[in-house]
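Structural overview for review
For reference, the chains in residue letters:
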Amino acid sequence: MTMLTLNRVTRYFGGLAAVNDVSFEAEANQITGLIGPNGAGKTTLLNLISGLDQPASGEIRFMDRAIQKLPPHKINQLGIARTYQNIRLFAEMSALDNIIVGMHTQGKAGLLSAALSLPGYRAEEKRLREQALQLAERLGLGSFCNTPADALSYGDQRRVEIARALAAHPKLLLLDEPTAGMNAAETARLGELILSLRDEGLAALVIEHDMSFIAQVCDHVVVLNFGEVIARGTVDAVKSDPTVVAAYLGEEEAADA
Amino acid sequence: MNIFSEFWATYGSVVQFALINMLLGISIYFTLYTGLLSLANAGFMGIGAYVSAALTIHAGTPFPVSLLVGALSAALIGWLLGLPVLRLRDVYLAIATLGFGEIVRITAVNFDKFSGLTLLGGAQGLDGIPKLTTPVSLLFVLFILCIFLVQLHRSRAGRALAAIRRDESVAATMGIDVYQYKLLAFVLGAFVAGLAGGFSAHLTRFVGPNDFSFSAAVNILAFAVLGGTLHWSGALVGAAILTILPEALRFMKEYRGIVNGVILVLVIIYLPHGLVNPKWIRGIFRRKEAR
Amino acid sequence: MFWQQVVNAIWLGAVYSLFALGYTLVFGVLGILNLAHPSLYMWGAFIGLVCVTTLHLPIWLALPIAMLGSGLLGVLLDRIAFKPLRARNAPHLATLISSIGASIVLINVAQGIFSAQVSRFPFDIFPVRVLKFGSVSVTLLQLTILGISMLIMIFLRWLIMGTRQGQAMRAVAHNAVTAARLGVPVDRIIMQTFFIAGALAGAAGVLLGLAFNSISPFMGGPMNLKGLTVIVLGGLGNIEGAVVGGFILAFSEVMSVAYLSSDLRDAVSFILLLIILLVRPNGLLGRASVKRA
Ligand SMILES: Nc1ncnc2c1ncn2[C@@H]1O[C@H](COP(=O)(O)OP(=O)(O)OP(=O)(O)O)[C@@H](O)[C@H]1O
Ligand SMILES: [Mg+2]
């Protein structure tokens, strides 16, 4: 089943087409990789999907609903959550509080029941807290729950962000370079986590530069270059695709020069 | 006369002003806590003051009713103003709310003339308002408000407000309807400012159109900025200091304006979180728990 | 009657523009909304007044001295209230609050020195001459104010568009970090920007002080709302926009007083401001043009 469909999506910054006529699908129960050289338009694409930015043209459908004009909170409520390339945690809040904020859509107690401390509110707070703790445990953050987010290591911060996104019980998870700043062991563990989440029914769109990580988790890969899709398919097929090789080689040559 | 009643005879009104200013500090705390600079609170205070005073004088309603209707009117106007202006971002919001006190003034001055009624007293203002504000009523309302704030910060809504202040777009991608929560903070602030206005009118026994100008808005801002906007108790501390110090130090009374201005600049530059830092508060509680 | 109103609106609009230019310039270059700008305007008026009354200088000398004084005050303001915040990259909210604090200090100091009373220029400071063109009359003072405002605006335009200073200013407006890397002395450019903005405010203060012959520590308050309306009309940071906005506001005010009710004059700018903010928050002319130019 197709979960996310991009149909000829385009976004310009001034004269630059950061995302140009991009079409692809992400399947339910699959991890889709989104790769490409620096500046290819990957993050821009994630912003478009999560509603932080709107495409100039084209359509984005999530579970058979056009979402490209919806505000970000509506998109999240439909079941899309994300992380950020440059970590954007709520710095002075504790790791656990960050996760609990991510559970916003999971609660429904109103201001009045909170103000009067009604039983419904208290039960809900307890439930949210327990779930947040479980999530923290699952991501290996159990011992940092009360640490302010900005006091955590880079890798831990990334995991708090992932936990915060998962807290919304999304159907589709968007990850922007989740392993950046993680060591090899952390990266491997994250890969396992993503696979186990997939087995529980979660779909994900993962931006990554680490090709072995992509090979570990992705069922399917989309390659972007200069805002356009230049290849898609299984990891192996894409790796040996001459246009992809040329795109990455071009980047290395540019870097060498 | 015992010591207490002597003290009260001299300082009773200062204490009550301090309590009213605490209400005002809290009123702007709601918006600052959400990361919004709104300068409309003096205007909301004016609405609360005028409406409650007019009710008491002309309709003879009991004080709590006047007070509540005044505050609700301020909240309603706050909602109407907030609907459009909260779509605006930082600087633009400050600009849009800056002139609101002026609108309240113009309305107050011209209301009777245009409506043909004698309700608000035009440029002269309303005097002869019965003195119904008591320290007990003020303390009671403040107490309820503090409980509300404690609960708010432990609730989903409170977390959403805190998230919006820190990163609005991240908050939005976590399912938080940023606009609605901003509106909530704005309206809560208007309500509390309206309450403060009602208390103040029934304490000074007078409401004038010039009491809710830009400089009144700045005073209110100074309460919250001095105390700090990361924890609600900051607004109380700031209001208490800025009300009581000028009484204690004569030179401060004369130069009150300068002192407020200097405090705003210095605190923002050297003490950006204000006097009350929630980390210390949490530290105190943790130590208690450990015992 | 109508043409008389048009003439009134034109010279008034010129001074509004003059005042708003500095306001919008600082926003364009630094992204700061300096709410103390109206206090510089007030100080300019007082410095001009002191030159004339205490030092017995002629008005044509008092004007540049007032501009110099309020310009320097602008620089001082930046050093004290804004530079430390810039250094730590503080949020917008902090800058706004700091500028509010600074404006309160400036107003209260003026009140301490010059008293809260309204001060006036001596009556003989400027020859009272009324020129008649058909049914329309203009005073020599109004014509002079218009002329001086226009000259200053043309000079400013040349400064920003035609000199290296202006080029550097635009570079800082576009991106201060890149500008610094390219060797632009960013800190000096910022000082110059504040000086120019302050001087423009001071000029407006003296000219309007002359026109209405009423100078008080609180004269900046109503002007603040007008100035904000003007720069929002033109688009924050937009130089040409501020000029256009100044005339639009002056026309709206003059016409609403003439044809509606004078009670409404004070409300006009706020209503205009709200409408523009809600309908076209980037101003009538679109985006900030200190950057684009
Ligand atoms: N807000 C913006 N304004 C102007 N240009 C932008 C903006 N955001 C991105 N761009 C440009 O769009 C292009 C795509 O950027 P994007 O961040 O999407 O790339 P990316 O594939 O995520 O790269 P990286 O691997 O470095 O993160 C780049 O050329 C970038 O400079
Ligand atoms: Mg990226």
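The numbering scheme is per chain: residues are counted from 1 as the chain's sequence reads. A letter from A marks each chain and a number from 1 marks each ligand, given out in the order of writing. At least 70 in pLDDT is required for a residue's local features to be given in this predicted model, at least 80 for side-chain atom pairs to be given and counted, and no such filter applies to totals for whole chains, interfaces and linings, which use all residues. Note: side-chain values were computed over all heavy atoms of the structure, leaving out hydrogens and water.

With respect to the overall build of chain C
For the record, the criterion: We count a stretch as a helix when DSSP gives it H or I for four or more residues in a row; a strand needs E for two or more, and each element gets its number in order from the N terminus. We compute the radius of gyration over the C-alpha atoms and compare it with the globule rule, which gives 2.2 Å times the number of residues raised to the power 0.38. We call two residues in contact when some of their heavy atoms are within 4.5 Å. Positive charges come from Lys and Arg, negative ones from Asp and Glu, while His and the chain ends are left out of the count. To locate a charge, take NZ of a lysine, CZ of an arginine, CG of an aspartate or CD of a glutamate.
Within chain C one finds 12 helices and 2 strands. In sequence order, the secondary structure elements of chain C are arranged as α-α-α-α-β-β-α-α-α-α-α-α-α-α. In terms of C-alpha radius of gyration, chain C reaches 19 Å, essentially the compact-globule figure of 19 Å for 293 residues. Taken along the three principal axes of its C-alpha coordinates, chain C extends 60 × 45 × 35 Å. The contacts in chain C between residues at least 6 apart in sequence include a share of 78% that link residues at least 24 apart. Across chain C, 18 positive and 7 negative side-chain charges occur, with their mean positions spaced 12 Å apart.

Concerning the sheet that holds strand β2 (residues 16–27) of chain A
All names here are of chain A. Filter applied, for reference: DSSP bridges decide pairing: two strands pair if at least two such bridges lie between them. Fitted lines through C-alpha atoms give the axes, limited to the stretch in contact for helices. The angle between two N-to-C directions lies from 0 to 180 degrees.
The strand order across the open sheet built from 3 strands is β2-β1-β4, with neighbouring strands paired in antiparallel fashion. The open sheet terminates on both sides in strands that have one partner only, identified here as β2 and β4 (57–62). Within this sheet the neighbouring strands show an average axis-to-axis angle of 15°, counted without direction. Pairing geometry for strand β1 (residues 2–13) and β4, over 5 bridges, is antiparallel. Note that in β4 the partner of Leu6 across the bridge is Ile60.

A look at the packing of helix α1 (residues 3–33) of chain B against helix α9 (residues 178–204) of chain B
All names here are of chain B. Spelled out, the test is: Should an angle fall under 35 degrees it is taken as roughly parallel, and over 145 as roughly antiparallel, whereas 65 to 115 is taken as roughly perpendicular and any remaining angle as oblique. Each crossing is labelled by how the near helix is turned from the far one, with a counterclockwise turn of less than a right angle marking it left-handed and a clockwise turn marking it right-handed. Three classes are used: nonpolar for Ala, Val, Leu, Ile, Met, Phe, Trp, Tyr, Cys and Pro, charged for Asp, Glu, Lys and Arg, and polar for all others, with Gly counted as polar.
Following both chains from N to C, one finds α1 and α9 inclined at 165°, their axes separated by 7 Å at the closest point. In terms of axis orientation, α1 runs roughly antiparallel to α9. Judged by the sense of rotation from one axis to the other, the crossing of α1 with α9 is left-handed. Contact residues: Gln16, Phe17, Ile20, Leu23, Leu24, Ile26, Ser27, Phe30 and Thr31 in α1; Ala185, Phe186, Leu188, Gly189, Val192, Ala193, Ala196, Phe199, Ser200, Leu203 and Thr204 in α9. Split into classes, the residues belonging to the contact of α1 with α9 amount to 14 nonpolar, 6 polar and no charged.

Side note on a nonpolar patch on the surface
As a reminder, the rule being used: Like-charged residues within 9 Å of one another, or nonpolar side chains (Val, Leu, Ile, Met, Phe, Trp, Tyr) within 5 Å, are grouped into patches, provided each residue has over 30% relative accessible area and no salt bridge. The Shrake-Rupley method, run with a 1.4 Å probe sphere, supplies the accessible areas, and residue values consider only the shown protein chains as cover. Throughout this description, the term salt bridge denotes a Lys or Arg side-chain nitrogen within 4 Å of a carboxyl oxygen of Asp or Glu.
Residues Val237, Val262, Leu266, Tyr270, Leu271 and Leu275 of chain B make up a contiguous nonpolar surface patch of about 510 Å² in total accessible area. Counting residues per element, the nonpolar patch draws most heavily on helix α13 (residues 256–270) of chain B, at 3 residues.

Comments concerning the packing of helix α2 (residues 41–59) of chain B against helix α3 (residues 63–85) of chain B
All names here are of chain B. Contact pair α2 / α3: the axes reach a minimum separation of 8 Å and the direction vectors enclose 140°. The handedness of the crossing between α2 and α3 is right-handed. Residue-level contacts link Phe44, Ile47, Gly48, Val51, Ser52, Leu55 and Thr56 of α2 to Ser66, Leu67, Val69, Gly70, Ser73, Ala74, Ile77, Gly78 and Leu81 of α3. Here the residues of the contact of α2 with α3 are counted per class, giving 9 nonpolar, 7 polar and no charged.

Description of the interface of chain C and chain B
The test is simple: Two parts placed together each lose some accessible area under a 1.4 Å probe, and adding up what both lose gives the buried area.
Taken residue by residue, the interface counts 36 residues in chain C and 37 residues in chain B. Summing the contributions of chain C and of chain B, the shared interface buries around 3100 Å²; its carbon and sulfur component is 82%. Our enumeration of links across chain C and chain B arrives at 0 salt bridges. Of all elements in the fold, only α3 (59–87), α4 (92–114), α9 (220–234) and α11 (265–279) of chain C reach the threshold of two or more residues within the side of chain C that touches chain B. Counting residues per element, the side of chain C that touches chain B draws most heavily on α4 of chain C, at 13 residues. A breakdown of the residues in the side of chain C that touches chain B according to their chemical character gives 27 nonpolar, 6 polar and 3 charged.

With respect to the coordination of the magnesium ion (ligand 2)
Residues and elements named next belong to chain A. Our working rule: Only N, O and S atoms count as donors, using a 2.8 Å limit from the metal and a wider 3.2 Å limit for Na, K and Ca, and since water is excluded some coordination spheres may look unfilled. Burial classes follow relative accessibility: with a 1.4 Å probe on protein chains only, a residue under 20% of its type's maximum area counts as buried, one over 50% as exposed, and anything between as partly exposed.
Distances from the magnesium ion (ligand 2) to its protein donors, Thr43 (OG1) and Gln85 (OE1), fall within 1.9 to 2.1 Å. Of this pair, Thr43 sits in helix α1 (residues 42–50) while Gln85 sits in the loop between β5 (80–82) and α3 (95–102), and the two are 42 residues apart along the sequence. Classification of Gln85 as partly exposed rests on a relative accessible area of 32%.

Things to note about the packing of aromatic side chains
Centre-to-centre distance and the angle between the planes together describe a pair of aromatic rings. Selection criterion: When the centres of two rings from Phe, Tyr and Trp lie within 6.5 Å, Trp using its six-membered ring, the rings pair. Their planes under 30 degrees apart give stacked, over 60 give edge-to-face, and anything left gives tilted. Lysine and arginine charges are scored as sitting over a ring when NZ or CZ, respectively, is within 6 Å of the ring centre and within 35 degrees of the ring normal.
Taken as a whole, this structure holds 15 aromatic pairs over all chains when the rule is applied. Centroid distance Phe2 of chain C to Trp3 of chain C: 5.3 Å. Interplanar angle 75°. Geometry classified as edge-to-face. Residue Trp3 of chain C is classed as exposed on the basis of its relative accessible area, which comes to 57%. With 5.7 Å between their ring centres and 40° between their planes, Phe155 of chain C and Trp158 of chain C make a pair best called tilted. Note that Phe155 of chain C and Trp158 of chain C are positioned in helix α5 (residues 140–162) at a spacing of 3 residues, about one turn of the helix. Following the ring pairs from residue to residue traces out a cluster consisting of Tyr29, Phe30, Tyr33 and Phe148 of chain B. Between Arg164 of chain A and the ring centre of Phe90 of chain A, over which it is positioned, the NZ or CZ distance is 4.9 Å. Looking at Arg87 of chain B, its charged tip hangs above the ring of Tyr179 of chain B, at a distance of 3.6 Å from the centre.

Looking at the nonpolar core
Selection criterion: By nonpolar core is meant a set of buried Ala, Val, Leu, Ile, Met, Phe, Trp, Tyr and Cys residues that side-chain atoms within 4.5 Å join together.
Phe44 of chain B together with Leu33 of chain C are the most contacted members of the largest nonpolar core, which has 207 residues in total. Top element by residues in this core is helix α1 (residues 2–30) of chain C. It accounts for 16 residues. Those residues in contact with Leu33 of chain C, other than ones at most four positions away along the chain, are Val91 and Ile95 of chain B together with Tyr23, Phe27, Leu96, Ser99, Leu228 and Ile231 of chain C. Counting 45 residues, the second-largest nonpolar core is a separate cluster that includes Ala136, Leu139, Leu190 and Val217 of chain A.

Focus on the arrangement of the chains
Taking contact number as the criterion, the leading pair out of 2 pairs of chains in contact is chains B and C. The smallest C-alpha distance separating chain A from chain C is 12 Å, and no contact links them.

Description of the sheet that holds strand β3 (residues 31–35) of chain A
Residues and elements named next belong to chain A. Judged by pairing direction, the sheet is mixed, and its 6 strands sit side by side in the order β5-β6-β7-β3-β8-β9 without closing on themselves. The sheet is open, and its two borders are formed by β5 and β9 (228–233), each paired with just one other strand. Averaged over all pairs of adjacent strands, the angle between their axes in this sheet comes to 20°, without regard to strand direction. Here strand β6 (residues 172–176) pairs with strand β7 (residues 203–207) via 5 bridges, running parallel. Bridging across to β7, Asp176 finds its partner in Ile207. The strands touched by α1 within the sheet are β3, β5, β6, β7 and β8 (220–225), with β6 carrying the most contacts at an inclination of about 150°.

These values are about where atoms sit, not about what they do.
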